[in-house]
There are 2 protein chains.
Amino acid sequence: KQDIITMSHGAGGKSSHELIEGLIRPILANPVLDALDDAAVLPLSRFVSLDNGNLPELAFTTDSYTVSPVKFPGGNIGDLAVNGTVNDLAMSGARPIALSLGLILEEGLPVALLREVLESIAVHAKELGISIVTGDTKVVPRGKGDGLYINTAGIGIVERTWPMGQHLIQPGDKVLISGSVGDHGIAVMLRREGLEMESEVQSDTQSLYDLVHHLFVHMGSAIHALKDPTRGGVATTLNEMAVSSDVAIKVYEDAVPVKESVRGACEILGLDPLTIANEGKMLVVVAKERADEALSLMRQHPKGQDARIIGEVQEEPRGMVFLQTLLGGTRVLDMLVGDPLPRIC
Amino acid sequence: KQDIITMSHGAGGKSSHELIEGLIRPILANPVLDALDDAAVLPLSRFVSLDNGNLPELAFTTDSYTVSPVKFPGGNIGDLAVNGTVNDLAMSGARPIALSLGLILEEGLPVALLREVLESIAVHAKELGISIVTGDTKVVPRGKGDGLYINTAGIGIVERTWPMGQHLIQPGDKVLISGSVGDHGIAVMLRREGLEMESEVQSDTQSLYDLVHHLFVHMGSAIHALKDPTRGGVATTLNEMAVSSDVAIKVYEDAVPVKESVRGACEILGLDPLTIANEGKMLVVVAKERADEALSLMRQHPKGQDARIIGEVQEEPRGMVFLQTLLGGTRVLDMLVGDPLPRIC
Ligand SMILES: Nc1ncnc2c1ncn2[C@@H]1O[C@H](COP(=O)(O)OP(=O)(O)OP(=O)(O)O)[C@@H](O)[C@H]1O
Ligand SMILES: Nc1ncnc2c1ncn2[C@@H]1O[C@H](COP(=O)(O)OP(=O)(O)OP(=O)(O)O)[C@@H](O)[C@H]1O
Ligand SMILES: [Mg+2]
Ligand SMILES: [Mg+2]
Ligand SMILES: [Mg+2]
Ligand SMILES: [Mg+2]
Ligand SMILES: [Mg+2]
Ligand SMILES: [Mg+2]
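Residues numbered from 1 in each chain as written. Chains lettered and ligands numbered in written order. Predicted model: local features only at pLDDT ≥ 70, side-chain atom pairs only at ≥ 80, totals over all residues. Heavy atoms only, no water.

### Brief notes about the nonpolar core
Turning to step 1, where the next piece is worked out: Ranked by internal contacts, the top residues of the largest apolar core, which has 101 residues, are Leu28(A), Leu114(B), Ile150(B), Ile186(B) and Met282(B).
Turning to step 2, where the next piece is worked out: It is helix 4 (residues 111-128) of chain B that contributes the most residues to this core, 8 residues altogether.
Turning to step 3, where the next piece is worked out: With residues up to four places along the chain from it excluded, the contact list for Leu28(A) reads Leu33(A), Leu101(B), Leu118(B), Ile121(B), Ala122(B) and Ile132(B).
Turning to step 4, where the next piece is worked out: One finds Leu105(A), Ala291(A), Val313(A) and Val321(A) within the second-largest nonpolar core, a separate group that totals 99 residues. (Core = buried A, V, L, I, M, F, W, Y, C linked by side-chain atoms within 4.5 Å. Buried < 20%, exposed > 50% of the residue type's maximum accessible area, 1.4 Å probe, protein only. Helix = DSSP H or I, 4+ residues; strand = E, 2+ residues; numbered from the N terminus. Contact = heavy atoms within 4.5 Å.)

### As for the site of ligand 1
Turning to step 1, where the next piece is worked out: Near ligand 1, the surroundings consist of 18 residues, among which Asp37(A), Asp63(A), Thr230(A), Arg231(A) and Thr137(B) are the closest.
Turning to step 2, where the next piece is worked out: Positioned at a junction of chains, ligand 1 has nearby residues supplied by chains A and B.
Turning to step 3, where the next piece is worked out: The side chain of Asp88(A) places a nitrogen or oxygen atom 3.1 Å from an oxygen atom of ligand 1.
Turning to step 4, where the next piece is worked out: At a separation of 3.4 Å, an oxygen atom of ligand 1 approaches a polar side-chain atom of Thr134(B).
Turning to step 5, where the next piece is worked out: Within the complex, the protein chains bury 92% of what would otherwise be the 610 Å² of accessible surface of ligand 1.
Turning to step 6, where the next piece is worked out: Counting residues per element, the shell around ligand 1 draws most heavily on strand 6 (residues 131-140) of chain B, at 5 residues.
Turning to step 7, where the next piece is worked out: Residues belonging to the shell around ligand 1 are distributed by class as follows: 7 nonpolar, 4 polar and 7 charged. (Near = heavy atom within 4 Å. Polar contact = N/O pair within 3.5 Å; in protein donor to acceptor, adjacent residues only side chain to side chain. Areas by Shrake-Rupley, 256 points an atom, 1.4 Å probe, with all protein chains shown as cover. Nonpolar A, V, L, I, M, F, W, Y, C, P; charged D, E, K, R; others polar.)

### Regarding the site of ligand 2
Turning to step 1, where the next piece is worked out: Not every one of the 18 residues close to ligand 2 is listed here, only the nearest: Thr137(A), Asp37(B), Asp63(B), Thr230(B) and Arg231(B).
Turning to step 2, where the next piece is worked out: Here an oxygen atom of ligand 2 and a side-chain polar atom of Asp136(A) are 2.9 Å apart.
Turning to step 3, where the next piece is worked out: In the model, an oxygen atom of ligand 2 is placed 3.1 Å from a nitrogen or oxygen of the Asp88(B) side chain.
Turning to step 4, where the next piece is worked out: When ligand 2 sits alone it has 620 Å² of accessible area, and the protein chains cover 92% of it.
Turning to step 5, where the next piece is worked out: Every element with two or more residues in the shell around ligand 2 is listed here: strand 5 (94-106) and strand 6 (131-140) of chain A together with helix 1 (14-28) of chain B.
Turning to step 6, where the next piece is worked out: Broken down by element, the residue count for the shell around ligand 2 peaks at 5 residues, all from strand 6 of chain A.
Turning to step 7, where the next piece is worked out: When its residues are assigned to classes, the shell around ligand 2 shows 7 nonpolar, 4 polar and 7 charged.

### Describing the coordination of the magnesium ion (ligand 6)
Turning to step 1, where the next piece is worked out: With distances of 2.1 to 2.2 Å, the protein atoms coordinating the magnesium ion (ligand 6) are Asp38(B) (OD), Asp88(B) (OD) and Asp228(B) (OD).
Turning to step 2, where the next piece is worked out: Taken in chain order, the donor set of the magnesium ion (ligand 6) reads D-x49-D-x139-D. (Donors = N, O, S within 2.8 Å, 3.2 Å for Na, K, Ca; no water.)

### Some thoughts on a nonpolar patch on the surface
Turning to step 1, where the next piece is worked out: A cluster of nonpolar side chains, contributed by Leu195(A), Ile268(A) and Leu269(A), occupies part of the molecular surface with about 290 Å² of accessible area.
Turning to step 2, where the next piece is worked out: Residue Leu195(A) is classed as partly exposed on the basis of its relative accessible area of 41%. (Patch = residues over 30% accessible without salt bridge, like charges linked within 9 Å, V, L, I, M, F, W, Y side chains within 5 Å. Salt bridge = Lys/Arg side-chain N within 4 Å of Asp/Glu carboxyl O.)

### Description of the sheet that holds strand 9 (residues 223-227) of chain B
As a general point, the strands of a sheet are linked pairwise by backbone hydrogen bonds and lie either parallel or antiparallel.
All names here are of chain B.
Turning to step 1, where the next piece is worked out: An order of 9-11-8-12-10-13-14 is seen for the 7 strands of this open sheet, with the pairing classed as mixed. Edge positions in the open sheet fall to strand 9 and strand 14 (330-332), since each of these has one partner strand only. Ignoring strand direction, the axes of neighbouring strands in this sheet form an average angle of 25 degrees.
Turning to step 2, where the next piece is worked out: As defined by bridge partners, strand 10 (residues 248-252) adjoins strand 12 (residues 308-314) across 4 bridges and the pair is classed as antiparallel. Within strand 12, the residue paired with alanine 248 across the bridge is glutamine 314.
Turning to step 3, where the next piece is worked out: Contacts from helix 9 (residues 291-300) reach strand 8 (174-177), strand 11 (283-286) and strand 12, with the element oriented near 10 degrees to strand 8. (Pairing = 2+ DSSP bridges. Axes fitted to C-alpha atoms, helices over the stretch in contact; angles between N-to-C directions.)

### Some details on the relation of the copies chain B and chain A
Turning to step 1, where the next piece is worked out: Under the fitted operation, chain B is carried onto chain A by 0.0 Å of movement along the axis and a turn of 180 degrees, and the coordinates agree to an RMSD of 0.0 Å. Taken together, the rotation and translation describe the operation of a two-fold axis.
Turning to step 2, where the next piece is worked out: The overlap is high: 100% of the interface residues of chain B also sit at the interface in chain A, so the same surface is used on both sides. (Least-squares fit on C-alpha atoms with pLDDT ≥ 70 in both.)

### Regarding the domain arrangement of chain A
Accessible area lost on assembly of the parts is the figure often given for the size of an interface.
Residues and elements named next belong to chain A.
Turning to step 1, where the next piece is worked out: Segmenting chain A into domains produces domain 1 (41-158) and domain 2 (166-332).
Turning to step 2, where the next piece is worked out: If you average the C-alpha positions of domain 1 and of domain 2, the two centres end up 24 Å apart.
Turning to step 3, where the next piece is worked out: With 22 residues of domain 1 in contact, the opposing surface of domain 2 contributes 22 residues.
Turning to step 4, where the next piece is worked out: Here domain 1 packs against domain 2, burying approximately 1,700 Å² in sum over the two surfaces, 63% of which is carbon and sulfur.
Turning to step 5, where the next piece is worked out: Contact with domain 2 buries area across many residues of domain 1, yet Pro73, Asn87 and Met91 alone supply 36% of it, more than any other trio.
Turning to step 6, where the next piece is worked out: On inspection of domain 1 and its partner domain 2, the count reaches 7 residue pairs in polar contact (both at pLDDT 80 or more).
Turning to step 7, where the next piece is worked out: Listed by contribution, the elements that provide at least two residues to the side of domain 1 that touches domain 2 are strand 3 (71-72), helix 3 (77-91) and strand 5.
Turning to step 8, where the next piece is worked out: Of the residues contributing to the side of domain 1 that touches domain 2, the split by class is 11 nonpolar, 7 polar and 4 charged. (Domains from an automatic or database assignment. Buried area = accessible area lost by both parts, 1.4 Å probe.)

Next up, the structure:
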């Protein structure tokens, strides 16, 4: 076992999981955390006794953002933070109601940049009808930070009325993706390295709450799991699901939508688009017989226009994800290993 | 106006207030944030429609911790984070129910140190009967962090049934402190600088929820405001209250409890104990006629043994805090200016 923290512990892939499963989870162990899903679900009835009436369940989540650079094509650290936290709430079936904002500023940060980020936070929160209700501001000396780091925590009200989560996917279920993969990670990396592709790659950072709501209204309990493939990408997220539900997932390799520019950048850099972070996409696992309906519902929605059915759940080999090509070949799709694209969120 | 962020923007004093009031609050403006109290109070009835039954109010708060060094006499960054967030909930009259934990680790951090901090978090949370239900772990490259930074956000259920807050203190009210001031800031600073006093100064980091609960049970609505004098110390916190309620506060200088070792360190270093951060003390503002009762209640409790009545609220000069000495002299007590003790939380 490693005795110091390395960049790959923060990459969202294999090392992150070893750190969380091997150190953090055993020490902090409690039934709510143990689900290790996008947000914690807290039944208020466990904390408040109310004679009459049913108390809702709360969803609670947090993410820190250390992306470099702070601004990139399609967004900045501020809207990334708002969308990211809202999406973790949405993935757990909750309507976001409030956010917190923790700022860790590096001495020397231009106030104009801070203003720009705050304005972007305000605009995105307003669009979503939620408020930043509490916050905190710390400053660290030059060389002990990097411009600014943000933490957002979010509270939501669980809206779904059926059990749902990465531990509840079943053999036969179909797996959908709401759009193209790899855009966010590649957009940040190209900007950071000063590289340019023929057509600019834009981050896909966006809130998915409205798309989730649209699906919920029409599909209800046919939706078995939602998950945003952020750090570690689709490959890592599907592996988490497969382990959590003790099933196998087959991915139809050629069905996964990847933009030409993203595919080009990945080829040049030797990266697999399936391991690259997305910040405005979701994986949806639905009952087999409702998969086509889910697909057309998503395609009706502006944030799901490029949705595809990309795979299916099988019984065996348990806990594994594998790719099937058009020609029928198969190979194992592992979690992200190492940290090929550091600090993309 | 300054165009770059300086260390004093994070010190919790005058510059912090200018940043929050002048930049952050106008941009993020919303009625809940505008109270600028220790925690946001969210009436759930605003977000959920429930035909029968009364929905509780939630409290929601966050703080980031960047203390250097990470371990100090009496505590470490982990218990500081748990206690600090619990205290901001307690100050708003809420019972803590769940915490989030955001870690920003610097590449090269010894896993053994992370383990020690996590264990300390687990122990303190357990004592309080609350869980870390969600979290996030990021890693930043060497030289872009400092060991580890922590963000905790917390949710609580508001237990008080009367209005309370820094904007509700009234002329005539008495001001109490639960114990000695300056311990935390001085303990951290002495450790950081490698200085030693005759008797070691220990941080006062501790949860105040039980002390608040004890007061609530017996005093109810006679308690007009609670506030933990963290960054900026008692001087800054009282100034915030005076401005918020548009009243004056008179402090009996000689009544403020300061340990000998802390007073000694302050004299050597030219610091005012009233501007130094505490992490386990609270200011309590109570109706005049109940002040003695509040004092004896606090003294009954192990965390309030050294409680004192340290001042009173007056009509004029509005928005100001002043010190009165035993001999009758008075002088203005301003907020903390500059950043004489950086990174103490
Ligand atoms: N420091 C931590 N303390 C407690 N739980 C943690 C911590 N770090 C991660 N977790 C938990 O581990 C699980 C995975 O966390 P992770 O951050 O990878 O999820 P995510 O937020 O959905 O992804 P991303 O951070 O890439 O957006 C979550 O359930 C999270 O609550
Ligand atoms: N970045 C921010 N965004 C939104 N609100 C903020 C931000 N920073 C501070 N605030 C708000 O300003 C007020 C004062 O914050 P501050 O951090 O000084 O309070 P505190 O947490 O009680 O003190 P301390 O951080 O010293 O423990 C709080 O109401 C807080 O919610
Ligand atoms: Mg997620
Ligand atoms: Mg996330
Ligand atoms: Mg704070
Ligand atoms: Mg406070
Ligand atoms: Mg605080
Ligand atoms: Mg996360």
